[in-house]
Structure formats: structure tokens, C-alpha cells
Amino acid sequence: MRTRFLLLFALVFSALSTAWAQSQVTGVVVDESNEALTGVTVLVRGTSRGEITDFEGRFSIAATVGDVLEFSYLGMKPKAVTLESLTSLEITLEANAQQLDEIIVVGYGSQKRSDVTGSIASLKSKDFNQGVVTNPGQLLQGKVAGVNVTSASGEPGAGQDIIVRGVGSLRSGTTPLFVIDGFALDNSGNGVPTNPLNFINPQDIESIDVLKDASAAAIYGARAANGVIVITTKKGVGGQSQINVSASTAITTLASKIDVFSASEFRNQINAIGGILNDGGANTDWQDELTRTANAKRVNLSATGGSRNSSYFASFSGEDQEGILRNNNLRRYSARLNMTQRALNERLRMDFNFSASRFENSRANINSVVTDMLQLNPTFPSTVNGVPTDLVGDNINPLVRESIFDDLSYNNRILANISPSIEIVKGLVYKLNLGIDYSTTDRDVQFIPYPSIADFELGSVSTTFNPNTNSQAENTLTYSFVKERQSISLLAGHSFQKTEVSGKGFFTSGFPDNGVEPRYQIGAASEPTSQSAFATVNELQSFFGRVNYSFDDKYLVTATMRADGSSKFGANNKYGYFPSVAVGWNLSNENFLAGSEVFTYLKLRGSWGQTGNQEIPSKITQASFTESNSGNDTYPLDPNATDLSGYPYGSIYTRLANPDIQWEVSTQTNVGLDFGLFNYRLTGNLDVFNKVSSNILLEVAPVDPIQPTDKFWTNIPNMEIRNTGVELALNYRSDESKDFSYSIGGNISITDNEVVNSPYSILTTGAVRGAGQTGATINGVLNGEPIGTFFVQDFIGIGEDGLNLFADVNGDGQILDNDRFAAGTALPTYIYAMNFNFAYKNFDLGLNFNGVGGNQIFNHVALSIFNKGNLSNSLNTTDRAVEFPNEDVSNSNRVSTRYLESGDFLRLNNASLGYNFNLEQLGIGQAVKNIRVYLTGQNLLLFTNYSGYDPEINTGSSIGDIQTFGIDYFSYPRGRTFLVGLDVTL
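In this text the structure is predicted, and so the values were computed from the model without any measurement. Throughout this description, residue numbers start from 1 for each chain and increase along the sequence as written. Residue-level local features of this predicted model are given only where pLDDT is at least 70; pairs of side-chain atoms are given and counted only at 80 or more, and the full residue set underlies all totals for whole chains, interfaces and linings. The side-chain quantities take in all heavy atoms of the structure and omit both hydrogens and water.

Student: Would you mind going over the overall build of the chain in detail, with residue names and values included?
Tutor: Here a helix means four or more residues in a row that DSSP labels H or I, a strand means two or more in a row labelled E, and each is numbered from the N terminus. Along the chain, the regular secondary structure elements total 10 helices and 56 strands. Radius of gyration means the value over C-alpha atoms here, while the globule rule gives 2.2 Å times the residue count to the 0.38 power. For a compact globule of 986 residues, the expected C-alpha radius of gyration is about 30 Å, and the chain comes in at 32 Å, within 12% of that figure. In terms of overall dimensions, the chain has C-alpha extents of about 105 × 70 × 70 Å along its principal axes. Here the chain holds 986 residues, and the buried ones make up 51% of them. The contact definition used throughout considers only heavy atoms, calling two residues in contact when any of these lie within 4.5 Å. Across the chain, the fraction of contacts at a sequence separation of at least 24, relative to all contacts at a separation of at least 6, is 70%. Surface accessibility of the chain: about 43,000 Å² in total, with carbon and sulfur atoms responsible for 54%. Within the chain, the 99 negative side-chain charges are centred at a point lying 10 Å from the centre of the 70 positive side-chain charges. Any residue under 20% of the maximum accessible area for its type is buried, any over 50% is exposed, and the rest in between are partly exposed; the area is computed with a 1.4 Å probe on protein chains only. Here the Shrake-Rupley method, with its probe set to 1.4 Å, supplies the accessible areas, and only the displayed protein chains count as covering residues. His is not counted here, nor are the chain ends, while Lys and Arg score as positive and Asp and Glu score as negative. Here the site of a charge means atom NZ of a Lys, CZ of an Arg, CG of an Asp or CD of a Glu.

Student: Now, about the pairing of strand E33 (residues 599-613): what can you tell me, with residues and values included?
Tutor: Relative to E33, strand E32 (residues 575-586) is paired through seven bridges, and the arrangement is antiparallel. Bridging from a neighbouring strand, Ser580 pairs with Gly609 of E33. Note: E33 against strand E36 (residues 664-677), 14 bridges, orientation antiparallel. Considered in E36, the bridge of Asn613 is made with Glu664. Paired strands, in this sense, are two strands between which DSSP finds at least two bridges.

Student: Could you give me a rundown of unusual backbone geometry, with the residues and numbers involved?
Tutor: One non-glycine residue with positive phi stands out, namely Asn345, at about 55°. Following the sequence through the fold, Asn345 ends up in the loop between strand E20 (329-343) and strand E21 (348-363). Judged by relative accessible area, which is 78%, Asn345 ranks as exposed.

Student: Pulling in residues and values, what's your account of the pattern of salt bridges?
Tutor: What makes a salt bridge here is a side-chain nitrogen of Lys or Arg within 4 Å of a carboxyl oxygen of Asp or Glu, nothing more. The tally for this structure, following the rule as stated, stands at 37 salt bridges. A salt bridge links Lys603 to Asp674, with the shortest nitrogen-to-oxygen separation between them at 3.9 Å. Of this pair, Lys603 sits in strand E33 while Asp674 sits in strand E36, and the two are 71 residues apart along the sequence. Between Asp950 and Arg907 there is a salt bridge, and its shortest N-O distance comes to 2.8 Å. One end of the pair, Asp950, is in the loop between strand E53 (930-944) and strand E54 (958-959); the other, Arg907, is in strand E52 (residues 905-916), and 43 residues separate them in sequence. For the pair Asp950 and Arg907, a shared accessibility class is recorded, and that class is buried. Residues joined in a network through salt bridges with shared partners are Arg165, Lys212, Lys603, Arg605, Asp674, Asp687 and Glu727.

Student: For the packing of aromatic side chains, give the residues involved together with the corresponding values.
Tutor: We call Phe, Tyr and Trp rings a pair once their centres come within 6.5 Å, taking the six-membered ring for Trp, and we label the pair stacked below 30 degrees between planes, edge-to-face above 60, and tilted otherwise. Counted by the stated rule, this structure contains 19 aromatic pairs. When the centroid spacing of 6.3 Å and the interplanar angle of 70° are considered together, the rings of Phe795 and Phe806 count as edge-to-face. Residue Phe795 is located in strand E45 (residues 795-798), and its partner Phe806 is located in strand E46 (residues 804-806); the two are separated by 11 residues in the primary sequence. You'll find Phe795 and Phe806 in the same group, each marked buried. Aromatic side chains Phe836 and Phe849 sit 6.1 Å apart centroid to centroid with 85° between the ring planes, which places their arrangement in the edge-to-face category. Residue Phe836 is found in strand E48 (residues 830-840), and its partner Phe849 is found in strand E49 (residues 843-853); the two are separated by 13 residues along the sequence. Aromatic ring contacts, followed pair by pair, group Tyr108, Tyr220 and Phe544 into a single cluster.

Student: Quick rundown of helix H6 (residues 366-375)? Include the residues and the values.
Tutor: With eight of 10 residues buried, H6 lies mostly within the body of the structure. Taken as a whole, H6 has its buried residues at Ile366, Val369, Val370, Thr371, Asp372, Met373, Leu374 and Gln375. Against helix H5 (286-289), E21, helix H7 (398-404), helix H8 (860-865) and helix H9 (868-872) lie the buried residues of H6.

Student: So what about the environment of Ser487? Which residues, and what values?
Tutor: Tracing the chain through its elements places Ser487 in strand E29 (residues 486-509). On the basis of relative accessibility, which here comes to 26%, the residue Ser487 falls in the partly exposed class. Sequence separation between Ser487 and Asn548 is 61 residues, and the spatial gap between their C-alpha atoms is 8.1 Å. Contacts of Ser487, omitting those with residues within four sequence positions, involve Phe481, Val482, Asn548, Tyr549 and Ser550.

Student: Outline a negative patch on the surface, supporting the account with residue identities and numerical values.
Tutor: Patch rule: a residue counts if its relative accessible area is over 30% and it has no salt bridge; like charges are joined within 9 Å, and nonpolar side chains (Val, Leu, Ile, Met, Phe, Trp, Tyr) within 5 Å. A cluster of acidic side chains, namely Asp259, Glu265, Asp879 and Glu883, defines a negative patch on the protein surface. Note on placement: Asp259 falls in the loop between strand E17 (242-254) and helix H4 (263-273). With relative accessibility at 63%, the residue Asp259 sits in the exposed group.

Student: Would you mind going over a nonpolar patch on the surface in detail, with residue names and values included?
Tutor: On the surface, a nonpolar cluster with roughly 580 Å² of combined accessible area is contributed by Leu686, Val688, Val726, Leu728, Leu730, Ile748, Ile750 and Tyr830. Taken together, the elements giving at least two residues each to the nonpolar patch come down to strand E37 (682-694), strand E40 (720-733) and strand E41 (740-756). At three residues, E40 tops the list of elements feeding residues into the nonpolar patch. Mapped onto the elements, Val688 comes out in strand E37.

Student: Please give an account of the nonpolar core that cites residues and values.
Tutor: If you look at the biggest cluster of nonpolar residues, it comprises 54 residues, and the most contacted ones within it are Leu170, Leu374, Leu698, Met719, Ile787, Phe858 and Phe866. Elements with a contribution of two residues or more to this core: H6, strand E38 (697-700), strand E43 (777-781), strand E44 (789-792) and H8. With five residues, the single largest contributor to this core is H6. Excluding anything up to four places from it in sequence, Leu698 contacts Leu170, Phe712, Trp713, Thr714, Ile716, Leu763 and Ile962. Here, the term nonpolar core denotes a set of buried Ala, Val, Leu, Ile, Met, Phe, Trp, Tyr and Cys residues that are joined through side-chain atoms within 4.5 Å.

Student: Lay out the environment of Gly427 with the relevant residues and their values.
Tutor: Following the sequence through the fold, Gly427 ends up in the loop between strand E26 (405-425) and strand E27 (428-447). A C-alpha to C-alpha distance of 7.7 Å links Gly427 and Thr478, two positions 51 residues apart in sequence. Aside from chain neighbours lying at most four places away, what touches Gly427 is Thr478, Tyr479 and Ser480.

In C-alpha cells form, the structure reads like this:
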């Protein structure tokens, strides 16, 4: 017993002696120019103790004499220092040119930038767009050459169109494949009426890599024809522990108004044209009445840390964003936990990524509100004695409609994956990646009963439920080895992904006016209930491989192959095969460029490859039936039957089977040049590409009119969509060791889109809604023209009879439908962006511009309501309606160039001014690593000739599953935002 006591005493004494011997060692880390380095990792060798340097380059760490401190920092050579005393240290790190070669995330792995042979754009978190950001697309806008990001509207969390290197498909599936931490998302809708990517907290994202050419994207095969966007979320770093708290608040107002008539102008104009003036005696600006100064609040908390063998990143975020239209709110709550654990001398690694989000969205009745903002009679008051009037003229008061209308969505989503990997022998690594994406959405669209107004007295509710599940299992085997001047990396893998998308819904009306919302008293409805339901299950099985070869860090070859088998395709073409090959030449490593003072880095690369597109409706290769007893679908088996109600039901086709449907294939060739000049002061890349989409899939009418269905799905023989273009990105940075430094960058891409060998005169992509012309073609797909070409008549003025005059395009002496012509395209010919960044001591300023050119916009708003006929009936309009004094009030608003406008614009997308506090002067340098305050503005300036709210038009609509571009259908107006924020790192 005595021996045990003495042993325990010795152990405790030894531990206390060690603790007493440790002291806080302090110091500062600088570079060769004696400038402080922020974020340097400081570790005590052989322990889990670690710190990072603060904004002044200072650190403090518990250590004893004889300990070895290890210093590491990206772009610098690592350094180890043995403590000979406990005095303050000054550590100088030397630049390491090899580490300046950033790591790029590619499919199923990563590579050094110098080893990449494909066209890949990488964006780090420090380069993201700032401000009120709800999804990854907003982070990217204007940042990557060849990537056009267009928001559907100014609504918070609005959907987006992200097009990589031009539109390559006619159907709605033009969205790139998104891969988050190795998990491939499904692009199917999940019942959320806005952007399905809103579940991702932008502050959790570390980097975004865009795989643009076929060589980079072919490893994802059947889903990569529209490009691949790889999102990597933040991870912890062993030995570094820190807590970050950020908070911001913002206000948003209507960026610009449409110049409709004021009340006095309205009265004068109606009298001038001899119209009927319904004068309410007031002066109301309905654009002011129906918009508001919207507030947004966001709080984000994150923690990161770990030891040598484990690390974690955890975060929680809450956001509440109002829209500038009343009755419009978006709330998001998200949490994330990323963990990495290593064992067996780092041969075994386990990565775990988990995120959960809650999304609550309240939407306005957008189309009705925007229409009312522009056309309601400005002489009528919105309220009397503070209470909204029931009617404004003959229309319901929009303030009343706002009080009885709700569009409410609630989405809960979990995305998780676990990836254990083990190094079996040196260089041979097996990895398993298991993941699941589970989402449920409940949506209620309701009108509360309002007995005093006809058509609103009963109330109604439409309710939908959408649960989605996406599961993934992948196995990969990677073997890498280096022999003398050669290095080879071999990848082989198998992937299985299953998506289940379903929905149920009902609509009912006829509710009592008892103060209870219809969604809470379904059983009280007096009208019949209509119900609906659907479910689809899709599976994708894939086998893939890749070879990367490098000789002497000069000559590079990459070859990939992927075979995808999809349940969406028929038995005769179940699998598609997608190869690619790329080569690269690091010219800067050649002797003839050694020591060059101009070319610090220069690489030439070329690639060819094929990718696929499986974004087609499920089950289209299979036959489908329904029952019918109408027309020729039945037969009078009962001799006593006197009408169709006594006839039996017969089975008829609703869709024909087509097991021969093939994959849409995109074949792309790319030649590129990457360069860094004058010791990386000027960097950039130049790419020339040619992308051809073939085997175009469409639902078309059969040539033979005697068919059991009016349409069927098929590949269109010989039809192609061609995108050829040039991309250039440049960035110049000054000497960052000076008090004042700056960087200037920009990118531009020019793309020529053309449809060839189309057997159709036109495939409509956009048509009129209402205005007495519903269904009339506005734009479409024409042979030899870009997708979204406007096919309209040429308006040349108003005739003596007060009616439209159109050009006789074909010269036959008649103005008919065949006088329509190709009047421009909705797709921009070029997109560009510029960024300017300045830093002076602790201040920094960033400006980001983006723009497009060469595209047209069809102003459907003007066609619908800005005409003399509406004005004569006491509905408001703009001076567009009185442009021609002799125009008759009965003149029709025909689809023509009269409503076609230039879509060119240049926008100051965001500007951010920040200040980092000197913590030593504040006396809190030991407790706080960084404090930053910043002011950000979004959509500050817009240069355009478009007369609508905003030229960035993308309604997200389609016709016959063919996507619509370039038509302004009463879009939600955009706001101008000012945000102030605070970041604190402990």
C-alpha cells in the first residue's frame, strides 16, 4: 500500500512540476519584408498545443525550455525553433514559391494548380461577393469568366439561372451539377418556390470550384453537360482553436421606380385623349404604398479547433430577411458540424460533414402586386382614416388583398455524409463515401374569406407536401507514386445514387368567415376538394476512372472515363459513356524560361471530352395509360345506354414507350493558357472553347397525325446546339508589404450560341400571357439562330388610321404572320466583370462591377398595361402610351419590336468598406484575435437603357419544358441594400 501511495505521489508531483515549468512564450511572426503575418500556425512539437498569430502577427503559447515550436503558413517555408530561453521571439518566414501554387478541388480529389490540365476556376471565401447573400450563386456572380448568374427577381432567396459556357440544352435542365463536400445534389425541385440552394449557409463555404470544360467535368459523366460547381465547406485545423461571432443588419429599399404618371399628370393625360376619368380626389404613389424599407438581420457563430489527429468546425446561423414587397419574409436557421479524425499514424482518416437547416418563407402575391403598383389609378386613396378601402376603382385594394393572402413554405433539410479512408499500402488509398440529403417541405397558399368583395367571400387553400430523399454510396481506390521525375495518380471508382421525389396536395374552398385561417380548418370547407399526388424514383449507377501523369513537372496528361447507367433511359440505351483527355505543358519549368523576369509561371493546356445530360422527366421511356369514356375512347356495350355516362371506360395511351431514347451528349474542345507575370504581380488565364450538344431530347408532335398520343419524346436527328467562345481573366496586385496596396481584376467571356439542323420552323420558348394574345409566340428556337431568338413583327409606327404599322419583311404586299423575323436574342453575346480592391493600413475597400451585352429584353409589362386603351379607362401607365398622339385607343398591343429593348447593363454589384482594429492599442490583444467592422452596399449603381425595373430578367418559367429567356413578366423589383456588420474572432 505504501509503495502504491509513493508511486501516485511521484506521478502527481511530476505532472505539477511540468505544469509549473511551462510558461507563456510570446512572440511575433513576420515575412522577409518585416510585415506581420496573420494566421500563422504555431505548434509545440509532439503535443496538441497550438495557436495562430493575430492581426499583428503575435502569438502566445504554453511551452518550456527545450520544446520545439513549429511555424507553418501557406506560401511560406515551414520553420522549427528550439526554445533556449523564455524570452520573446521574433520569427521570420521565407517565401516558398512552390506553396504559392494553390490547391484546386477536382472531381474525387484535388490537385495543385500547376498540375491541372482542365479549365477550372477557383474562388476562395475572401473573394466572395459581400452583403445580404442567401445562396452560393450570389457569391459567384461576376467572379468567374464564362459563368452567367442571373437571379429570377429581387425577391429574397429568389431562384437563379447559372449558365456555364452558354445554353447547351433546350429543356429546363440547364443548371450545373452542385457537389457539396463530395455529395452530388439532385436538381429536382423540393417544393420550395424559391431557390432550393438556400439551405446552405454562405458563411460556411470555404471555396467554390467551377469545372468548366469536359476534361474537368467528365468524371461526373451524365450530369456534367452544364458544368460542375464543387463547394467545399470550412474545416477545422489541428492545433488551432478559435471562435468567430459575426452579426449584421441591413436595410433595403426599391432601387428605382418606373416613371408612371402622377395623379396630376394622370388627370391631364386622360383629358387630353378624351378618356373616362374616374377621379378619386387623392394623390397616391402606389409604388410607395406597396413597397417598404425592408430590414435584414443575421447572426453567425462558429468554432474551430482540434489536435494533431483530430479537428472540427461547428457553426450556427440565424437570418431574418424582409422583402421590399410587403408580406414577404425569409427566415433561415442552419447548423453545421464538420469533423476529421486520423489514426494509425495518419493512415486511417474519417471525415464527417453534417448540416441541418430550417427555411421559412412568406411570399407576396407578386404578379398582382407588381401589376397594381404600375396601373392602379393614382387619384384613389389607399386608406381612409387609416383603414384600407375595399376597392380602388373596380379593383380590390391591394392592401386588402395583402391582409387576406398568404403563401407560406416551411422546409427542413439535412445533408450528411461520412467518408472513411485508409492507406492500405504506401500510396494506395481506399475511400468510402456514404451520404444522404433529406428534405421535407410544407406549403400553404390561402385566401382568407372576405365577404364584402365578390370573388373573395369564400376563401380557399392549396396545400402541398413534398418529401425528397437523395442517397449516395461511392467507393474509390487511388494509387499515387513518384519515381524519379515521373509521377502517376490512378483513380478507379463506383458510385450509386438514388433519388426519391414525391408530393401530395389538395385544393378546397368555401370557408366560414370565423376568424380562423383556412389552413387550420380544412374540414369546414363547403366546396369539393381536388386532390393530387405523384412519386418518382430514379437511380444512377456509375463506374469511373482517371489517370494523371506528370513528367518532370513539365508535361502533363489526364485521361478520364465514366460509364453511367440511369433508370431514366430505356433498355436499349441504359448506359452512356463519357471519355475525356487533356494535356498540359508547364513552359515556365523549361530551361528557356528559367530565370525569366517576365514569365514567372506559364502553362499551355488543351482538352477534349464528352459529358452527358440526364435532366429529363422521369418515366418518359415507358408507356403510360389512363381511362376515358369520351370521343372514340369508348364503345356502347350496354344497348340501353343513351349517352356517354352509360358507356364503359376504355384504356388509352397518355405516353408512348420509347426504349431507344439516347443521352444528350455535349462534346467540348478547349485550349487554354495560364500565366503569372512579374513574380505573380499579373496573373490570368485565356481559354478558347467549342461546345457542341447533340442527341437533343424534345417532346414533339408526331409527323404522322394518326397516333395514339399528340406528343412523344425523342432524340432529334442531326440537330445540334453549338457554343463557341473566348474567356479572359486578369488580375494585377501591387506590393502588399506597403502601407497602401491594391489589386485590379476583371474577366470577360464572349459566346456565340447557335442552333443548327433543326427540322422545326420555330420551337416556342416564350409566349404572351394575357393582354388578349395568350399563347402568341415571343421568342423561340430557330435554325441558324441563338436559343431565345425573338421572332416578332417589325413595328415601324402608327398609321393614319391610328393603328399599328408593321414592315412587309417578305415583300409580298401583305402584313401577315410570315412577316415575323429574327430580331435579336435573349442570350447575352458577352458577359464581363471588374473588381477593385484597396488597402491602407487597417482599412480596406472593395468594389465589384458586372455587366452583360448583346442581348434583348421583351417588355411584357409594357405590352400588357402601358397602352392608350388602359389609360382611357382610368388605369395608369407611362408616357409610352402617349408616344404617338394619333394612336387610337382601340389599337391592339401586338407582339412586335415595339416592346423589344436592349438588355445591356453595367452594375456596381457590391462595395464594401472595412476596418480591422489594432487590438494591442485597445489592450485586448491577448484575448481577442481580430475585430472587424464593415459597411457594404449592394446594387448601388446601374447603367442601362432598359425602361423596366431591372434588365437582369429571368423568370424561371418554361413552355413545354423548354426554358424561357429574356421576357419581363412583371418581375419582383430589385432593391438597393446597405449593410453594417461586425466580426469578432477569439
